[in-house]
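Here are the chains, one letter per residue:
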Amino acid sequence: MLQKLSGRDYITTREWTREEIDTAIDFASKLKKQKLENIPHRLLPDKTVFLFFFDKSTRTRNSFEAGITQLGGHAHFIEASTSQAAHGESPKDMGIILASYGHAIAIRHDLVPGEGNKYMRDVAHHASVPVFNMQCDIDHPFQTLADLMTIKERFGENLKGLKIAVSWAYAPSYAKPLSVPQGLITLMTRYGMDVVLAHPPEFRLMDDQIELAHDNARDGGGSFEIVDSMDAAFENADIVYPKSWGVLELFGNPDEALKLAANYKHWICDDRIMSITNRDSIYMHCLPADRGNEVTDSVIDGPHSVIYQEAENRLHTCKSIMALTMCDQQE
Ligand code: CP
């Protein structure tokens, strides 16, 4: 299985089978243990990954940079605005040339619906090395892989029947992409979970992602439901994942989206709403969180919260995907 993943792109989770995703998580757990025990694991000596960012990042950039260093390789950080992409250089030329310099290309392009995923597929079509999605308009597969690893660490391998609430929450900072909630509803449904999505009417997700979540729930033996209140989603939930996202039609007009969001300031994860979840429920967030708006300090810093474990798992899962896909075929 490890050999089979050599050379593969990782653009959405749905392009990897469940067996492949489980392999990536198992390998991430092994790498996590090795890091904890200071056992060197230089699996990618002298290999280069290019990190191409059209948007800001803390966790993604640094999990890739630290991760590839621990694997014996090197990351090049490229801010799109300072590259020739800003002058319109094509994804084809960029993909072919960077592939000739290194061993993988990772891209974050998440703020314009209809653009990011298409851009990285154009790069992948022409690049002869693996292409990684560091977050696009559709999916954030490195985030949801770390989320799944965190859930497995808490609940074990059999996730069937667990209720996960993926809910919109108010945030005034910026109109966040839809890719995390979409990534969650399309991945967790494959594991037989009961996935409940909650949002105010204006904050719908992409139709094809909703359809995919329904299909995955049917095939995975779980369920998928959309409700219109946080309370309905949180009731008896085992896992809650409340976070903000923008209005699909308003990514070109973020001020308008934030004005609309201000009508729903009561969509906050606080102690009251946590009290209707299951006693041992976990609170998750991909971060950054708008403290005091999306979530109260008492919840995010409280006993249900697993945010730091979840953020740490970004490192281990990122290393796992790089090691599995960037290794040489004959290794
Ligand atoms: N969760 C996540 O992707 O964090 P960054 O935006 O900081 O990379």
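Residues numbered from 1 in each chain as written. Predicted model: local features only at pLDDT ≥ 70, side-chain atom pairs only at ≥ 80, totals over all residues. Heavy atoms only, no water.

Caption draft 1: Region of the structure containing the environment of V247. Positionally, V247 belongs in the loop between β8 (239–243) and α9 (254–261). Measuring from C-alpha to C-alpha, the distance between V247 and S81 comes to 25 Å, with 166 residues separating the pair along the chain. Those residues in contact with V247 that sit more than four places away from it in its chain are E202, F203, A257 and L260. (Helix = DSSP H or I, 4+ residues; strand = E, 2+ residues; numbered from the N terminus. Contact = heavy atoms within 4.5 Å.)

Caption draft 2: Representation of the domain arrangement of the chain in the model. When cut into domains, the chain gives domain 1 (2–140 + 312–326) and domain 2 (142–310). Centre-to-centre separation of domain 1 and domain 2, based on C-alpha positions: 24 Å. On the surface where domain 1 and domain 2 come into contact, there are 2 salt bridges. A salt bridge links K152 to D22, with the shortest nitrogen-to-oxygen separation between them at 2.8 Å. Where domain 1 meets domain 2, there are 22 residue pairs in polar contact (both at pLDDT 80 or more). Going through the elements one at a time, α1 (18–36), α2 (59–70), β4 (131–136) and α12 (307–326) are the ones with two or more residues in the side of domain 1 that touches domain 2. (Domains from an automatic or database assignment. Salt bridge = Lys/Arg side-chain N within 4 Å of Asp/Glu carboxyl O. Polar contact = N/O pair within 3.5 Å; in protein donor to acceptor, adjacent residues only side chain to side chain.)

Caption draft 3: Focus on the site of the ligand. All residues adjacent to the ligand are S57, T58, R59, T60, R108, H140, Q143, C286, L287 and R314. Take R108: an N or O atom from its side chain is 2.9 Å from an oxygen atom of the ligand. Contact between the ligand and L287: a nitrogen atom at 2.9 Å from a main-chain N or O atom of the residue. With the chains in place, 93% of the 260 Å² that the ligand exposes on its own is no longer accessible. Partitioning the shell around the ligand into residue classes produces 2 nonpolar, 5 polar and 3 charged. (Near = heavy atom within 4 Å. Areas by Shrake-Rupley, 256 points an atom, 1.4 Å probe, with all protein chains shown as cover. Nonpolar A, V, L, I, M, F, W, Y, C, P; charged D, E, K, R; others polar.)

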